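# Descriptive analysis of the structure
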Amino acid sequence: MALNYDYDESSETWPFFLLTILLMLLIPLTLMQCYKLIYSKSKKDTRNHEDDKYSELEALNDIDTPEEIIKFRSKYTSKSKLSCLFNWKNLFIVVGWAVVFYLVQRISNNDAIKQAAIGIFDPYDILGISSSSSDKDIKSAYRKLSIKFHPDKLSKDLSADERIVMEEKYVQITKAYEALTDETVRENYLKYGHPDGPQSTSHGIALPSFMVEGSSSPILIMFYISLLGIVLPYFVSKWWSKTQSYTRKGIHTKTASYFVDRLVNYKPSEVVTVDLIIKWLSHAEEFKQFYPSLTSKDFEELLHDHINRKSSNEKGPDRNIIKNRIVAKCHSLLLGLLDIAAGFRNTDVANVTLDTFKCIVQAIPSNPKAELLQLPNVDKEQFENGSLDDIFTIGKLFTFDDERIGKILGIKDEKLLKRTLTVASNIPHIRLLKADFVVPGETQVTPLSTPHISLKVLIRSAKHKIINTESFPESMLSEPQDFEHQRNPFSIIEEQPLIPYSYSPYFPVKRRSAWCCLIALQKDNKIIQTPAIINNLSFHNLSKSLDKREVKMAGKDIKGFIPEDWEIGTIKVPLGQPAPNQEGAVYFRIILKNTDYFGADLDFTMTMNVREYSEKDLQQMREESYNNDDEDSDVDESEEELEESDDEGSDSEYTDIDTDTEVEEDAVEDREIKNNLLFI
């Protein structure tokens, strides 16, 4: 039997098909672009709010950045406003929505579509009633319309065509009434959309006939073959290859496999150095994809050239560009290696990986004096060969006057010295004020509870006088007790600003520094969980003038020091495992390492004291609960008295409290507290 197809000559179908496809693509893409626009704007506003105090340091970073790095940034990383605005995604969105509006207008002006819509059987519309009308309303509407359109009631002055239209209208009215009142007819309407049951259907192609049967037919066939046989498989295979070729941390699976192999074959007797980590990095698959003609030995030499601030163009044309590109990629590679090292619980490799991070960011080899060599304008030869060999830190450097500092660093120009001191005073140093294991809603760590580490830290300059914990009131060091922070104790981190851009003139891209927190068990010095990255901390304190060479002491207090003017930072790190199921003390080694600056690290021990609540603790908790209840009742009574005094003539009613049940209630509450603690 031959099949006959109806072509979409009147454009009733293909506009809807194309409109559906476009909206499926445009709506998520538009929302994604709007989110990026809003997020980038809010991020920029946050940065401007926090970083305006450090614009001088950022300006010095731009001044000290070599011309070669500036050109690289403009070519590979910098995006102008025009390039952000005029890209293929935005162009597709604009053109796509223009096509959508055109299709909507075409559909709304298409008479064939309107006629098809009119042909849809709607009994409520025919009777002129709403879908919520009652049976009485239906009968009333039918009676009025049947009187008006009944063939016997029609005027004799109507023409034959007019009479036929009116009679057809009466037939539709009758069918509409039966579709709403007669059970059989209603069943047909609900099942098939028409009171007469199934209607004739036709198979059609949502294309005009000239595109299928005319000279355009080969073009259409080639289009479908290209779309289904080439374009779609290409994008699917590309997406699948990307998902299978890269880990969740964004490094290539071959690179991750190489790192895993190095750690599997790692010997505890082997000394981990920055040079060893660089050798591992040189085997990254990402580098080979960038430059297939180069070997891992070439990449290793380029990385060493960067660390030693040497030009690589002598080894070949455009070698400096190659060097900068692979150095920029080291950020994600080092973070991937850090996670893998933590998975192997290898503290030594993780520590040296972060040291390598600093060396690459500051372009300085591993050196005991790296903290001072990261400063600009330092005469390396004079500094390293000087007589003051015991100066290794910026804090020690700021014990001398500016003139002496210039001689130590080999800086003779006063302007250059001033710039160097500005950079030195704005490199953040972190001081630990308080460290606790915290269980939300509890006063201590109980067995099998879920604690997290809470650190109160002071971001300070190396030139500042050291401020002890006792100088700050307890209220500034305590945890917030409001409901929001108890529900989400990590929300306080989000309230802190992003860390400003770091001073890294030799790194190919602008970057923000961060702290990585490694947690290891003290007994075996092995990492117990994935490193936490701290990106939110205020650097507001760096702008304070508390020069250790100028401030005076009043006993143990610092003259002019006002604690409330300083900001205390909070670092919270969730533990990846619950507390032990037995009481006792567990010792942890906490390592806080900055990714960008030398001298901004912390390494200390924390003790987790795990214990059950004693009877004394339970009694104290019960008394505190009673005190809170009493305070609430006092407030309620005072409010009631105020209401009674305002309402003259009203009688007060009091209810006696049955104190005989207090002992019984104490026992019940004691059991409830114990049960809750056991449940936790």
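Within each chain, residue numbers correspond to sequence positions counted from 1 in written order. Since the coordinates come from a predicted model, pLDDT governs what is reported: local features require at least 70, and pairs of side-chain atoms require 80 or more to be given and counted, while whole-chain, interface and lining totals use all residues. By convention in this description, side-chain values take in all heavy atoms of the structure and omit both hydrogens and water.

Looking at an unreviewed UniProt entry, the protein carries the name J domain-containing protein, with the source organism given as Naumovozyma dairenensis.

This brings us to helix 9 (residues 160-181). Elements are defined by DSSP. Helices are runs of H or I of four residues or more, strands are runs of E of two residues or more, and each kind is numbered from the N terminus. To estimate how far a helix should extend, the number of its residues minus one is multiplied by 1.5 Å. Compared with an ideal rise of 1.5 Å per residue, which puts 22 residues at 32 Å, helix 9 spans 32 Å between its outermost C-alpha atoms and is within 8% of the ideal. The contact criterion used throughout is that any non-hydrogen atoms of two residues lie within 4.5 Å. Taken together, the buried residues of helix 9 touch helix 7 (123-127), helix 8 (135-149) and helix 10 (183-192).

Among the structural elements, Arg 511 can be located in the loop between helix 26 (491-494) and strand 5 (515-521). There is a polar contact of 3.1 Å between the side chain of Arg 511 and the side chain of His 331. Apart from the residues lying within four places of it in its own chain, the contact partners of Arg 511 are His 331, Phe 357, Val 361, Tyr 501, Ser 502, Ser 504, Thr 595 and Asp 596. What qualifies as a polar contact is a pair of N or O atoms within 3.5 Å, subject to a donor-acceptor requirement within protein and to the restriction that residues adjacent in sequence count only when both atoms come from side chains.

Strand residues, when the strand is regular, have side chains that alternate between the two faces of the sheet. For strand 11 (residues 584-594), the tally of buried residues reaches 8 of 11 residues, placing the bulk of the element in the interior. For two strands to be treated as a pair, DSSP must find no fewer than two bridges joining them. Of the strand pairs in this sheet, strand 5 and strand 11 are connected by 7 bridges, and their pairing is antiparallel. Looking at strand 11, one finds that Cys 516 is bridged to Lys 593. When strand 11 meets strand 12 (residues 602-610), the two strands line up antiparallel, connected through 9 bridges. Relative accessibility thresholds used throughout: buried, under 20% of the residue-type maximum; exposed, over 50%; partly exposed, between the two (1.4 Å probe, protein chains only).

Among buried residues, the Ala, Val, Leu, Ile, Met, Phe, Trp, Tyr and Cys ones that are joined through side-chain atoms within 4.5 Å form a nonpolar core. By size, the foremost hydrophobic cluster in this structure holds 102 residues, and its most contacted members are Leu 375, Leu 409, Ile 453, Trp 515, Ile 571, Leu 592 and Met 608. Once residues lying within four places of it in the same chain are set aside, the contact partners of Ile 453 are Asp 436, Phe 437, Ile 519, Ile 571, Lys 572, Val 573, Leu 575, Ile 590 and Met 606. In terms of nonpolar packing, the next biggest core, distinct from the first, is built from 18 residues, Tyr 124, Ile 173, Ala 176 and Ala 179 among them.

Here 3 strands make up an open sheet; going across it, the order is 3-4-10 and the pairing antiparallel. Edge positions in the sheet fall to strand 3 (429-438) and strand 10 (569-574), since each has one partner strand and no second. Averaged over all adjacent pairs, the angle separating strand axes in this sheet is 25°, with direction ignored. Bridge count for strand 3 against strand 4 (residues 452-460) is 9 bridges, and the pairing is antiparallel. Within strand 4, the residue paired with Leu 432 across the bridge is Val 457. Orientation is described by lines fitted to C-alpha atoms, with helices fitted over the stretch in contact, and by angles between N-to-C directions that extend from 0 to 180 degrees.

In this section: helix 18 (residues 347-362). Between its first and last C-alpha, helix 18 extends 23 Å over 16 residues, near the 22 Å set by a 1.5 Å rise per residue. Here helix 18 lies mainly inside the structure; 14 of its 16 residues are buried. The backbone nitrogen of Asp 348 has a side-chain oxygen 3.2 Å away, supplied by the residue at the start of helix 18, namely Asn 346. Just beyond helix 18, the residue with positive phi is Ala 363, at close to 55°.

Before going further, it helps to spend a moment on the confidence of the model for the protein. Reading fine detail from the predicted coordinates is not recommended where pLDDT is low. Scored from 0 to 100, pLDDT records how confident the predictor is in each individual residue. Mean pLDDT over the protein stands at 82; residues scoring 70 or higher make up 80%. When the criterion is pLDDT under 50, residues 44-53 qualifies, and its contacts beyond four places in sequence or with other chains add up to 14 contacts. Low pLDDT, under 50, characterises residues 642-680; the stretch is placed with 21 contacts to residues that sit more than four places away or in other chains.

What follows is about the side chain of Asn 324. Relative to the helices and strands, Asn 324 resides in helix 17 (residues 319-343). Taking the relative accessible area as the measure of exposure, Asn 324 reaches 2% and is therefore buried. For Asn 324, the contacting residues outside a window of four places in its chain are Glu 68, Ile 69, Phe 72 and Pro 508.

Okay, the UniProt feature "transmembrane region" (unreviewed entry) in the protein next. UniProt positions are given in the numbering used here, feature names are shortened, and annotations may be inferred rather than shown by experiment. Here the UniProt feature "transmembrane region" (unreviewed entry) sits at residues 16-38, 82-104 and 217-236. Within residues 16-38, the helical portion is 100% and the strand portion 0%, while the C-alpha atoms at the span's ends are 32 Å from each other. As annotated, residues 217-236 has a helix share of 100% and a strand share of 0%, and its two end C-alpha atoms lie 27 Å apart.

Take a negative patch on the surface next. A cluster of acidic side chains, namely Glu 178, Asp 182, Glu 183 and Glu 187, defines a negative patch on the protein surface. Following the sequence through the fold, Glu 178 ends up in helix 9. Owing to a relative accessible area of 34%, Glu 178 belongs among the partly exposed residues under this scheme. Exposure above 30% relative accessible area and no salt bridge define the residues that can form patches, which grow by joining like charges within 9 Å and nonpolar side chains of Val, Leu, Ile, Met, Phe, Trp and Tyr within 5 Å. All accessibility values rest on the Shrake-Rupley procedure with a 1.4 Å probe; residue burial counts only the protein chains present in the view. Should a side-chain nitrogen of Lys or Arg be within 4 Å of a carboxyl oxygen of Asp or Glu, the pair is scored as a salt bridge. The sign given to each residue is positive for Lys and Arg and negative for Asp and Glu; His and the chain ends receive no count. Working definition for charges: the position is that of NZ of Lys, CZ of Arg, CG of Asp or CD of Glu.

At Asp 318, a position not held by glycine, the phi torsion is positive, near 60°. Within the secondary structure, Asp 318 is located in the loop between helix 16 (296-307) and helix 17.

Quick look at the packing of helix 22 (residues 402-409) against helix 23 (residues 414-426) now. With their axes 11 Å apart at the nearest point, helix 22 and helix 23 run at an angle of 95° to one another. Overall, the two elements helix 22 and helix 23 adopt an arrangement that is roughly perpendicular. On the side of helix 22, the interface is formed by Asp 402, Ile 405, Gly 406 and Leu 409, while helix 23 contributes Leu 417, Thr 420 and Leu 421. Taken together, the residues that form the contact of helix 22 with helix 23 break down as 4 nonpolar, 2 polar and 1 charged. Angles are sorted into four bins: roughly parallel if under 35 degrees, roughly antiparallel if over 145, roughly perpendicular if 65 to 115, and oblique for all others. Charged means Asp, Glu, Lys or Arg here, nonpolar means Ala, Val, Leu, Ile, Met, Phe, Trp, Tyr, Cys or Pro, and polar covers whatever is left, Gly included.

Only rings of Phe, Tyr and Trp enter the pairing, Trp through its six-membered ring, and a pair is recorded when the two centres are within 6.5 Å. The plane angle decides the type: under 30 degrees is stacked, over 60 is edge-to-face, the rest tilted. Per the stated rule, a full pass over the model turns up 10 aromatic pairs. Between Trp 515 and Phe 539 the ring centres are 6.2 Å apart and the planes differ by 70°, which places this aromatic pair in the edge-to-face class. Here Trp 515, found in strand 5, pairs with Phe 539, found in the loop between strand 7 (532-534) and strand 8 (553-554); they are 24 residues apart in sequence, far enough to count as distant. Judged on exposure class, the residue Trp 515 and its partner Phe 539 are both buried. Relative to Trp 566, the ring of Phe 561 has its centre 5.8 Å away and its plane inclined at 50°; by these criteria the two rings are tilted. On the accessibility criterion, Phe 561 (15% relative accessible area) is buried. Relative accessible area serves as the criterion here: at 6%, Trp 566 is assigned to the buried category. A network of ring pairs unites the aromatic residues Phe 472, Phe 561 and Trp 566 as a single cluster.

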